Amino acid sequence: MDFGLSEEQEMIVETVRAFVETEIYPHENEVERSGIVPLGLGDEIRRKCIDLGFYACNFPEEVGGAGLDHVTFTLVERELGRGSLGLTVFFGRPSGILMACEGEQRERYLLPAVRGEKIDALAITEPDAGSDMRGMKCAARRDGGDFVLNGTKHFISHADVADFVIVFAATGEEETPKGIKKKITAFLVDRGTPGFEILKGYESVSHRGYHNSTLSFDDCRIPEAQVLGEVHRGFDIANQWLYGTRLTVAATCVGRARRVFDMTLPYAAERKQFGKPIGANQGVSFKLADMITEIDAADWLTLAAAWRLDAGRPADRQIASAKLYASEMLARVTDEAIQIFGGMGLMDDLPLARFWRDARVERIWDGTSEIQRHIISRDLLRPLGA
């Protein structure tokens, strides 16, 4: 078993880490203070990412992406996790679900997104439908050659800077062993479409500068040509592509935890109390031991899940395990880091309080910890008939 990285992977890790340190870190404090990423700054980060050759690195080469395998892309996400999400979002990784585009959709949505000319956002969550995707109330009814969309979406990440949104809506019902469930269809909806409004979302304690929006659809007419995939098969498309977002959460949690640890270890070695470094006390040194053990465990769990995808093996349970463990690990690591820094850890002079607040949402979005445990336990018990 070879756990080492190839020379190319090492180079990619070093390149992305250097980008984050030089292009992201200097702007973090201002974004944290203001809660805003100036549009010019976002465009500058995007342009530099394109020049570097990393924009849409999660897409295959045949559509203009870098064609990275899952392990290498996970390494990229891990390094991006070290930086403010409000800024690294412009280091573009369009939604993989756009690979379902066909015909004219490729020229209008897929290829511009890959080239960095357009930004997409994914709209699934509603006020009354989060984890239960089939419970959504946002609905589209057929009207001639169009669909008419009505309803509300919320918690939609970076929709405020998006040129178009991939919207999932109910388009019918079907009988299932668990009762009547809604059929779901995905639509490509352009900013500025009549009846479609992007509204300011909620103020969040996590990831300031990375905004969520509320989307309102009021008799929004969408041509059938803008159905992504097949009518009523949006749930299948979502299941096929959304696993990648959970792996991304796991990877970014590992990257953020390593940055926190990289700050905490030298502090424990240099900070003196009662005539000796605080790291010489087991109360601190054992915390460090636990922190690095958990970080390494989350890292390997995440990379192992990515490796299974590259090997063509089933990976739903492994991805759920990685997302569950890495997100909960980050909460523990940031909390322990603040404990080691003491009162200073909660001051705005250091970014630890930000990391601590940012960590809280990772256990909620892209599938709560409870949903991940459901996926894991179901995978274990179903073969036994339970």
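Residues numbered from 1 in each chain as written. Predicted model: local features only at pLDDT ≥ 70, side-chain atom pairs only at ≥ 80, totals over all residues. Heavy atoms only, no water.

## Quick word on the overall build of the protein
Counting its regular elements, the protein contains 11 helices and 10 strands. Along the three orthogonal principal directions, the C-alpha set of the protein runs to about 80 × 55 × 40 Å. Per-residue burial for the protein yields a buried fraction of 47% across its 386 residues. As displayed, the protein offers around 18400 Å² of accessible surface, 52% of which is attributable to carbon and sulfur atoms. Between the mean site of the 46 positive side-chain charges and the mean site of the 59 negative ones, the protein shows a separation of 5 Å. (Helix = DSSP H or I, 4+ residues; strand = E, 2+ residues; numbered from the N terminus. Buried < 20%, exposed > 50% of the residue type's maximum accessible area, 1.4 Å probe, protein only. Areas by Shrake-Rupley, 256 points an atom, 1.4 Å probe, with all protein chains shown as cover. Lys, Arg positive; Asp, Glu negative; His and termini not counted. Charge placed at Lys NZ, Arg CZ, Asp CG, Glu CD.)

## Focus: the packing of helix α1 (residues 7-34) against helix α2 (residues 39-52)
The interhelical angle for the contact between α1 and α2, taken along N-to-C directions, is 165°, at an axis separation of 12 Å. Classified by the angle their axes make, α1 and α2 are roughly antiparallel. The element α1 and its partner α2 pack so that their crossing is right-handed. Contacts between α1 and α2 involve Thr15, Phe19, Glu23, Ile24 and His27 on the former and, on the latter, Leu41, Ile45, Lys48, Cys49 and Leu52. Of the residues belonging to the contact of α1 with α2, the class tally is 6 nonpolar, 2 polar and 2 charged. (Axes fitted to C-alpha atoms, helices over the stretch in contact; angles between N-to-C directions. Parallel < 35°, antiparallel > 145°, perpendicular 65-115°, else oblique. Left-handed = near helix turned anticlockwise from the far one by under 90°. Contact = heavy atoms within 4.5 Å. Nonpolar A, V, L, I, M, F, W, Y, C, P; charged D, E, K, R; others polar.)

## Quick look at the pairing of strand β2 (residues 139-143)
Pairing between β2 and strand β3 (residues 146-157): 5 bridges, direction antiparallel. By the bridge assignment for β3, Ala139 is matched with Asn150. Where β2 folds back on β3, the antiparallel hairpin that results is connected by 2 residues, among which Gly144 adopts a positive phi of roughly 65°. (Pairing = 2+ DSSP bridges.)

## Notes on the environment of Arg360
Assignment of secondary structure puts Arg360 in helix α10 (residues 352-361). The partly exposed category is assigned to Arg360, whose relative accessible area is 42%. Sequence separation between Arg360 and Ile45 is 315 residues; the distance between their C-alpha atoms is 26 Å.

## Comments concerning the layout of surface pockets
To find the voids left in a structure, one rolls a probe of water-molecule size over its atoms. Of the voids in this model, the second largest pocket is the one considered here, and its volume is about 350 Å³. Lining the second largest pocket are 13 residues, with Asp2, Phe3, Trp300, Leu303 and Trp307 positioned closest to its centre. Among the elements that make up the lining of the second largest pocket, the one with the highest residue count is helix α8 (residues 282-310) (5 residues). Residues belonging to the lining of the second largest pocket are distributed by class as follows: 8 nonpolar, 2 polar and 3 charged. (1 Å grid on protein atoms, 1.4 Å probe; cavity = no way out; pocket = protein on both sides within 12 Å on 5 of 7 lines; lining within 4 Å. Points joined across faces, edges and corners; volume = space filled by probe spheres on them.)

## What about the packing of aromatic side chains?
Counting across every chain of the model gives 9 aromatic pairs. By the ring-pair criterion, three or more aromatic residues cluster together here, those being Phe19, Phe54 and Phe91. Across from the ring centre of Tyr109, 5.5 Å away, lies the NZ or CZ of Lys118, which sits over that ring. The ring of Tyr25 is capped by Arg259, whose NZ or CZ atom sits 3.7 Å from the centre of that ring. (Phe/Tyr/Trp six-rings, centres within 6.5 Å; stacked < 30°, edge-to-face > 60°. Lys NZ or Arg CZ within 6 Å of the ring centre and 35° of its normal.)

## Comments concerning the pairing of β3
Looking down a regular strand, the side chains alternate between one sheet face and the other. Pairing analysis gives 9 bridges linking β3 to strand β7 (residues 212-223), with the strands arranged antiparallel. Looking across to β7, one finds that Ser157 is bridged to Asn212.

## Here we look at the environment of Ala311
Structurally, the position occupied by Ala311 is in the loop between α8 and α9 (316-341). Judged by relative accessible area, which is 41%, Ala311 ranks as partly exposed.

## So, the side chain of Asp358
With respect to the secondary-structure elements, Asp358 resides in helix α10. Although Asp358 is buried, it forms no salt bridge, and the closest oppositely charged side chain is Arg354 at an N-O distance of 4.4 Å. (Salt bridge = Lys/Arg side-chain N within 4 Å of Asp/Glu carboxyl O.)

## What about the nonpolar core?
Ranked by internal contacts, the top residues of the largest apolar core, which has 47 residues, are Val76, Leu98 and Phe168. Looking at this core, the elements that each hand over two or more residues are α1, α2, α3 (70-80), α5 (104-115), β4 (164-176), β5 (179-190) and α6 (234-241). Considering every element that reaches this core, the biggest residue donor is α1, with 6 residues. Beyond its immediate stretch of four places on either side in the chain, Phe168 contacts Ile97, Leu122, Ala123, Ile124, Met133, Met136, Lys153, Ile184, Thr185, Ala186, Gly234 and Ala238. Counting 26 residues, the second largest nonpolar core, distinct from the first, contains Ala250, Ile278, Val284 and Met291. (Core = buried A, V, L, I, M, F, W, Y, C linked by side-chain atoms within 4.5 Å.)

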